[in-house]
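# Secondary and tertiary structure notes
The lines below spell out each chain.
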Protein chains: 2
Amino acid sequence: MSQSATRVHAELRGEILGGRCAPGARLREEEVAERFGVSRTPVREALRRLEADGLVVVTPRRGAEVVRWRDDDIAELVELRALLEGHAARRAAIGGDLDLVALGDLCTRMEAHAADVDGRAADEITRLNMELHRAVHRAAGRLLPDLLVRLIDVPVVRRTFHTYTEAELRRSFGQHRELVEALAAGDGDWAAAVMQAHIRAAGATLRSTRDPGGR
Amino acid sequence: MSQSATRVHAELRGEILGGRCAPGARLREEEVAERFGVSRTPVREALRRLEADGLVVVTPRRGAEVVRWRDDDIAELVELRALLEGHAARRAAIGGDLDLVALGDLCTRMEAHAADVDGRAADEITRLNMELHRAVHRAAGRLLPDLLVRLIDVPVVRRTFHTYTEAELRRSFGQHRELVEALAAGDGDWAAAVMQAHIRAAGATLRSTRDPGGR
DNA sequence: CTCCCCTGCTCTGTGTACAAGCTAAGGAAG
DNA sequence: CTTCCTTAGCTTGTACACAGAGCAGGGGAG
C-alpha cells in the first residue's frame, strides 16, 4: 500500500513473530510512531493490517495489543493447517503448474543447513521452508494463499526449527523430498497425505517442546 | 473499531454483497467520504477492512476497486467452503457446545418462508441460514470463524436463495434438519458429510444459474 | 475507615492540509 | 502522420491538530 505503513507493518510483524514483542503487550500508536519516526497515520494502517493478519487484537477505545495464544489455539491451528495445506498439496499435484526444479532446489538448500541447526541456519531454514510451502499454495489456487496467511507464520512457528532435533529435521526434509516426488507424479492423494503427516509431525514436535510432560 | 469507520465499512460491505456496486468499480476515497458525510480518514480504514475481507483490491497508488470474481474463483470458493465447513460440522458434533434447540428453531423459521421465495423472504432466509452456519462455526473453534468470513458472504451468495427452485429449497432445509440431527447424535462423520453435501449442492445450483448451458 | 464521586490525564477517533506519484492529454519534433 | 516528451490534473499517502471517551487517582462524605 503505502511506503511507511508497509514498512511499519513488516517491522512490527517481524518483532511479533520473533517473540521480541511479549504477548499481551499494548502497542500505543504514538509510541510506535515515534519509534519508527513516522506519524500516527501510517501506524494506524499498519496496526489494522496486523489485526487482519490475526497478530494483534484491537479493542474500540483501548488500542491494539499483541494476541495471546492459548494451547487450544495452537492445536486448532495445527488441525486447520493440516486440512488446508493437505488440500493445497492435492490441488497442486493434480492441476497446479509449479516449478518442480525450483522446489527440488529449495530442498537441496535446506538440507545443506542440516548440520548446523544451532547457528543462524534455523532462520534460513525457516525462510526456505516457508518459500516451499508458499509455492505449493500458489499452485493450488488464488484464494487459498490469503487464507493461509493467518495460519502459517504464527509466533510459535518462528521458533520451530530452533527446537528441532537433528532426527526431526531429517524427517522434515525427507517429507519435503517425498512431497516433491508426489507432486511430480501428479498423485493428489499421496501429496495430501505427505503434507498432512508433515504438518502433524511439526505439531507434535511443537507440543512436546512447549509441554514436555505431555498433556 | 470506530463509529464512522465501522458504519462506512458495514454500508459498503452491504452494497458490494448486494450487487449495488459493480465488480471492478473504483471506490475513490473522497467520493465515498462525501457520500457518507465523513472525512477520508474513516473511509480509508473502512476500505482496508474491506480489503481484509477480500471484497476489494487496493493497489498502492491507485486506490480500491471492487473485486472481480472469475468462474474459477467461484469453484475454488465452493471447494474451500465444503472443506472448512465440513470440518467445522465435525468438530461441532464431537466437542463443540451448541444450543440445539436454537438451531432447530432457526430451521423452523426458515421453513416458514418456504412457500413465498419470490418476495422479501429470500433475504430473511439468507440471514437465518447464515446465522445457523455461523453457530456451527463458533462451536467448532476460535480461529475457524475468522477464516470463513472471507468465504461465506461472497457476492454470489447474496443472490443464492433468490434463484432457488422450491425443490432445491426443500432439499436445503432438509439438509439443515439432518445436520442438526447429526450434531445432536454427536456423529462427526455424519455431520461433516451432510455439510459437504449441503455446500456442494448449493455450488451446483449456483453454477447452473450462472451458466445455464453447463460447462 | 471505606466507598463514591469528581477531576484530570491519556489515548484513540476524526478532520484537515500538504506533498508526492501516477495518468493522461496536448504539443512539438522527426 | 506518428511518436515522444512535457505538463497539468487528479488521487492517494502522510503529517498534524482537535475532540471525545475511558481510566486512574485523589478528595470528600457517610
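Conventions adopted
Residues numbered from 1 in each chain as written. Chains lettered and ligands numbered in written order. Predicted model: local features only at pLDDT ≥ 70, side-chain atom pairs only at ≥ 80, totals over all residues. Heavy atoms only, no water. Helix = DSSP H or I, 4+ residues; strand = E, 2+ residues; numbered from the N terminus. Rg over C-alpha atoms; globule rule 2.2 N^0.38 Å. Buried < 20%, exposed > 50% of the residue type's maximum accessible area, 1.4 Å probe, protein only. Contact = heavy atoms within 4.5 Å. Buried area = accessible area lost by both parts, 1.4 Å probe. Salt bridge = Lys/Arg side-chain N within 4 Å of Asp/Glu carboxyl O. Polar contact = N/O pair within 3.5 Å; in protein donor to acceptor, adjacent residues only side chain to side chain. Least-squares fit on C-alpha atoms with pLDDT ≥ 70 in both. Pairing = 2+ DSSP bridges. Axes fitted to C-alpha atoms, helices over the stretch in contact; angles between N-to-C directions. Left-handed = near helix turned anticlockwise from the far one by under 90°. Nonpolar A, V, L, I, M, F, W, Y, C, P; charged D, E, K, R; others polar.

An unreviewed UniProt entry annotates chain A as GntR family transcriptional regulator originating from Actinomycetospora straminea.

The helix and strand inventory of chain A stands at 10 helices and 3 strands. Relative to its length of 215 residues, chain A is compact, with a C-alpha radius of gyration of 18 Å against a globular reference of 17 Å. By principal-axis analysis of the C-alpha atoms, chain A measures approximately 55 × 40 × 30 Å. Burial analysis of chain A (215 residues in total) assigns 50% to the buried set. Across chain A, the fraction of contacts at a sequence separation of at least 24, relative to all contacts at a separation of at least 6, is 72%.

If you look at the interface, chain A gives 28 residues, while chain B gives 28 residues. Taken together, both faces of the contact between chain A and chain B bury some 2700 Å²; the carbon and sulfur share is 63%. For Arg142 of chain B, the salt bridge identified is with Asp73 of chain A, shortest N-O distance 2.9 Å. Our count for the contact surface shared by chain A and chain B stands at 12 residue pairs in polar contact (both at pLDDT 80 or more).

Take the relation of the copies chain A and chain B next. Each copy superposes on the other: chain A lies on chain B with an RMSD of 0.1 Å after a rotation of 180 degrees and an axial shift of 0.1 Å. This pairing of chains is accounted for by a two-fold axis. Taken as a fraction of all interface residues of chain A, those also at the interface in chain B reach 100%, which identifies the copy contact as same-surface.

Once that is clear, we can look at the pairing of strand E2 (residues 56–59) of chain B. Residues and elements named next belong to chain B. With burial as the criterion, only one face of E2 is covered, namely that bearing Val56 and Val58; the residues Val57 and Thr59 on the opposite face remain uncovered. The pairing of E2 with strand E3 (residues 63–66) spans 4 bridges and is classified as antiparallel. By the bridge assignment, Val56 is partnered in E3 with Val66.

A word on the pattern of salt bridges. Going through the model one piece at a time under the given rule, you end up with 38 salt bridges over all chains. Of the charged contacts, one joins Arg44 of chain A and Glu29 of chain A as a salt bridge, the two residues approaching to 2.9 Å between their closest N and O atoms. Of this pair, Arg44 of chain A sits in helix H3 (residues 40–53) while Glu29 of chain A is found in helix H2 (residues 29–36), placing the two residues 15 residues apart along the sequence. Across the salt bridge formed by Arg127 of chain B and Glu131 of chain B, the nearest N and O atoms sit 3.5 Å from each other. Of the two residues, Arg127 of chain B and Glu131 of chain B both sit in helix H6 (residues 121–140), 4 residues apart, roughly one turn of that helix. In this structure Glu131 of chain B comes out as partly exposed when scored by relative accessible area, which is 33%.

Okay, the packing of helix H4 (residues 71–94) of chain B against H6 of chain B next. A pair of packed helices is characterised by two quantities: the angle between their axes and the separation of those axes. Residue and element names in this part refer to chain B. H6 packs onto H4 with a crossing angle of 65 degrees between their chain directions and a minimal axis gap of 8 Å. Every pair of crossing elements has a handedness; the one defined by H4 and H6 is left-handed. Contact residues: Arg81, Glu85, Ala88, Ala89, Arg91 and Ala92 in H4; His133, Val136, His137, Ala139 and Ala140 in H6. Of the residues contributing to the contact of H4 with H6, the split by class is 6 nonpolar, 2 polar and 3 charged.

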